[in-house]
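The residues making up each chain are set out below.
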Amino acid sequence: MSRITEGRLGKLICNLLIALLMLAIARVAFIVANYDKYAETMSLELLKGIARGGLTFDLAALFYINSLYIVLFLFPLHFKERRGYHLGLKWLFVITNGIAMAANLCDCVYVRFTGRRTTATVFSEFSHESNLAGIFGNEILHNLPLVVLAIVVIWGVWKLYQTPRTDRSDEGLVWYYVKMALSLVVAALCAITAIRGGIGQTVRPISISNANQYVDRPIEAAAVLNTPFSIIRTIGKPAFNIPEYMPAEEAERYYSPVHYPIDSIGTKRQMNVVIFIVESFSRGFIGALNTDIQNGEYKGYTPFTDSLINVSRTYKYAFANGMKSIDGMPSVLSSIPMMIEPFFLTPASMNHIGGIAHELKSEGYYSAFFHGAPNGSMGFEAFARSSGFDDYFGLNEYCKSAEHNGMDDFDGSWAIWDEEFFQYFAEEMSHFKQPFVTALFSASSHHPFHVPARYADIYPEEGGHPNFKCIRYVDMALQRFFERAKHEPWFANTLFVITCDHSSDAVSTIKGANYGNDQQQFAAPIIFYAPADSTLRGTDTSTLAQQIDIMPTVLGYLGYDKPYVAFGIDLFNTPAEKAFTFNYLAGTYQYARGDYFLQFDGTDTKAIYNFRNDKTLTHNLLDSLPSDSVKAMEMELKSIIQQYAERMRNDQLTYRHQSN
């Protein structure tokens, strides 16, 4: 045994086992850091599934990460067997596996904002940010235990690394070449087996979606995967492979994203439209939308929004279509949900794109988009222009305004503080020709969750989550906006829409709310407020609503009479039984209609719950519901997936282009 471990192949195996141990340590850290996500379903069976699946994906990642190292280590070339050469291999091994360790530990934090492991699109996602150094520096300070763990593990790898002997004068040259060549062949076979995920004709290279076969919930799939594998397997991959679930004509019978004038039955209105996309403004923060939790004593963190809801139309069961900021903007403004990858980061973002601004341009509307971050941040400016907005107002425009303090109002991380930027928003709209459509994307309730120093005593830390105080601050900023806007001549003739970009992990800490489950972690407010329309009132407790419904609902309310493409529905003119919600979570397509919430992995339905009665989503009804009912929901979902992919690939996101 000692001769085996002393040999070159033995040293290589020892080093690869050390790297495999690193991946296992990172997975344990991932589960511990996000234990609240797994606490309710934690069991021996779940741990077995994570361990079994985790080993499969770790072995694949091991060979992806160390392929160059293995080849250089085993390549049959006798004069490479020198101390300097193997010292270089040691550095290569420690650096590559150290980067893999760091990526895994970064996801211990980042998964709370995305609900899944990071993929290759992360490099595009942050490519336009100019303040990344400050953001990462901030994250290091807030996650020192993970930083210490990374340093200790990487240092341990350096110390444990096995360097082979180089003084092998007793070894014959022919035997050296035979042994090394055979070792390289064996290593290649092991790598192929690990990367394929097994042996056999039916086994193919495993992908991210294969993680779902080991666990029951999408968030659990994130614990099965590892970040290096997720990144490597998505490099250069097309986001949309068109599934062939059914013929195109049949798919359109189940669902069609094309809206015709008959869908818009309202009287034509020349009203302004003002849309707030409020960062992380979860439905769970709003007391008026959570009167059934904590025995009716829950007050929430948004007293002004509560008062606004009293004179607005809103929805008890409303949801976001994604989990990132870059998912919210296409969903809200262009009725394009997130599916597999954020729309911004796919080739489809270069398609002809419709949206509220694009459609209303033909009605004589001026349009403008506001975001207080550095111009170009998150790709928002590019999307605003491609989806039809006439002008963009960002940090550059704010700083040029003589009435404001420029960078003095910058929050130090992302953007202008919401209070100042909302006032700027109201001020600029006072100069716009009516009718206009505007949208604002806020920032102050974003991590690292600070409020201006002057409000530190007014909005102190409340326990549970640091975002609670930020939500109170943002709610105050909204109140100040409306206090100013109501004196403007355009106010009475305006339809206001308030929603979020995505939900916040903070609401999962609210007792008795169940906002951490697979459906409710997408919970979002969708509020329609028209000061002059007393009929637009009440909280709808039956209709399902989602962000992609905002565009067709606004166009329907205005009486828009031209065909257009939108993946959502007109909430005001569609029966509740036809409403649905859709989102994508860690390889699982999620679809709700009526009382039921279905989870589909792209091939099979994995679970279906009565979400209105089963608040914790613990009773899977897949084997107890009539198969026809499950099949109908599955076919509707398949139609959405198929048509979405076809339109993305074929540049059919506007009516004019879909008809070609």
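In short, a report on the structure. (Residues numbered from 1 in each chain as written. Predicted model: local features only at pLDDT ≥ 70, side-chain atom pairs only at ≥ 80, totals over all residues. Heavy atoms only, no water.)

## Some remarks on the overall build of the protein
Scanning the protein from N- to C-terminus turns up 22 helices and 14 strands. Relative to its 660 residues, the protein shows a buried fraction of 59%. Residue pairs in contact within the protein that sit at least 24 positions apart in sequence constitute 75% of those at least 6 positions apart. A total of about 27200 Å² of accessible surface is found on the protein, and carbon and sulfur atoms cover 58% of it. (Helix = DSSP H or I, 4+ residues; strand = E, 2+ residues; numbered from the N terminus. Buried < 20%, exposed > 50% of the residue type's maximum accessible area, 1.4 Å probe, protein only. Contact = heavy atoms within 4.5 Å. Areas by Shrake-Rupley, 256 points an atom, 1.4 Å probe, with all protein chains shown as cover.)

## Some points on the packing of helix α18 (residues 418-429) against helix α19 (residues 467-485)
Direction vectors running N to C along α18 and α19 enclose 20°, while the axes themselves pass 9 Å from each other. The pairing of α18 with α19 is recorded here as roughly parallel in orientation. Both α18 and α19 take part in a crossing whose hand is right-handed. Facing Asp418, Glu419, Glu420, Phe422, Gln423, Phe425, Ala426, Glu427 and Met429 of α18, the residues of α19 in contact are Tyr473, Val474, Met476, Ala477, Leu478, Arg480, Phe481 and Arg484. A class-by-class count of the residues in the contact of α18 with α19 yields 10 nonpolar, one polar and six charged. (Axes fitted to C-alpha atoms, helices over the stretch in contact; angles between N-to-C directions. Parallel < 35°, antiparallel > 145°, perpendicular 65-115°, else oblique. Left-handed = near helix turned anticlockwise from the far one by under 90°. Nonpolar A, V, L, I, M, F, W, Y, C, P; charged D, E, K, R; others polar.)

## Points about a nonpolar patch on the surface
There is a patch of nonpolar side chains on the surface, built from Leu87, Trp91, Ile95 and Ile99 and spanning about 420 Å² of accessible area. Secondary-structure assignment places Ile99 in helix α5 (residues 83-114). (Patch = residues over 30% accessible without salt bridge, like charges linked within 9 Å, V, L, I, M, F, W, Y side chains within 5 Å. Salt bridge = Lys/Arg side-chain N within 4 Å of Asp/Glu carboxyl O.)

## Side note on the sheet that holds strand β4 (residues 366-371)
With mixed pairing, the eight strands of this open sheet are ordered in space as β5-β4-β6-β2-β7-β8-β3-β9. Bordering the open sheet on either side are β5 (391-393) and β9 (538-546), each of which pairs with just one other strand. For this sheet, the mean inter-axis angle between neighbouring strands, taken without regard to orientation, is 20°. Across the sheet, helix α14 (residues 325-334) touches β2 (272-278), β4, β6 (436-441) and β7 (494-500), and the angle it forms with β2 is around 160°. Seen against the sheet, helix α20 (residues 550-557) touches β2, β7, β8 (527-529) and β9 and runs at an angle of roughly 170° to β7. (Pairing = 2+ DSSP bridges.)

## Brief notes about the pairing of β2
Of all seven residues that make up β2, seven are buried, and the element is covered over most of its length. On β2, burial covers both faces: Asn272, Val274, Phe276 and Val278 on one face and Val273, Ile275 and Ile277 on the other are all buried. Pairing analysis gives seven bridges linking β2 to β7, with the strands arranged parallel. In the strand pairing of β7, Ile277 is matched with Thr499. Where β2 lies against β6, five bridges are found, and the strand directions are parallel. Residue pairing in the sheet places Phe276 in a bridge with Leu440 of β6.

## Some points on unusual backbone geometry
With the exception of glycine, most residues fall at negative phi, and the peptide bonds are largely trans. Note the cis peptide between Gln434 and Pro435, where omega equals -5°. By secondary structure assignment, the location of Pro435 is in the loop between α18 and β6. Looking along the chain, the bond that leaves His447 and enters Pro448 is cis, with omega of 20°. Tracing the chain through its elements places Pro448 in the loop between β6 and α19. Phi is positive for Ser280, close to 55°, though the residue is something other than glycine. Here Ser280 shows up in the loop between β2 and α13 (303-309). Using a relative accessible area of 6% as the deciding quantity, one classes Ser280 as buried. Residues other than glycine seldom take positive phi values, yet Leu617 does so here, at roughly 50°. Here Leu617 shows up in the loop between β14 (605-610) and α21 (627-649).

## Regarding the sheet that holds strand β11 (residues 580-585)
Here four strands make up an open sheet; going across it, the order is β11-β12-β13-β14 and the pairing antiparallel. Unpaired on one side and paired on the other, β11 and β14 mark the two borders of the sheet. Neighbour-to-neighbour, the strand axes of the sheet open up by a mean angle of 15°, direction not taken into account. Alignment of strand β12 (residues 588-593) against strand β13 (residues 596-600), held across five bridges, turns out to be antiparallel. Bridge assignment links Tyr591 to a residue of β13, and that residue is Leu598.

## Here's the deal with the side chain of Ser387
Within the element layout of this structure, Ser387 appears in the loop between α16 (380-386) and β5. Note on Ser387: relative accessible area 2%, which makes it buried. Residues contacting Ser387, with those up to four places away along its chain left out, are Ser334, Ile353, Gly354, Gly355, Ala357 and His358.

## Re helix α11 (residues 227-234)
Burial analysis of α11 places seven of its eight residues in the buried class, which makes it a mostly covered element. Taken together, the buried positions of α11 are Thr227, Pro228, Phe229, Ser230, Ile231, Arg233 and Thr234. Between the side-chain oxygen of the N-cap and the backbone nitrogen of Phe229 there are 2.9 Å, and the N-cap of α11 in question is Asn226. (Polar contact = N/O pair within 3.5 Å; in protein donor to acceptor, adjacent residues only side chain to side chain.)

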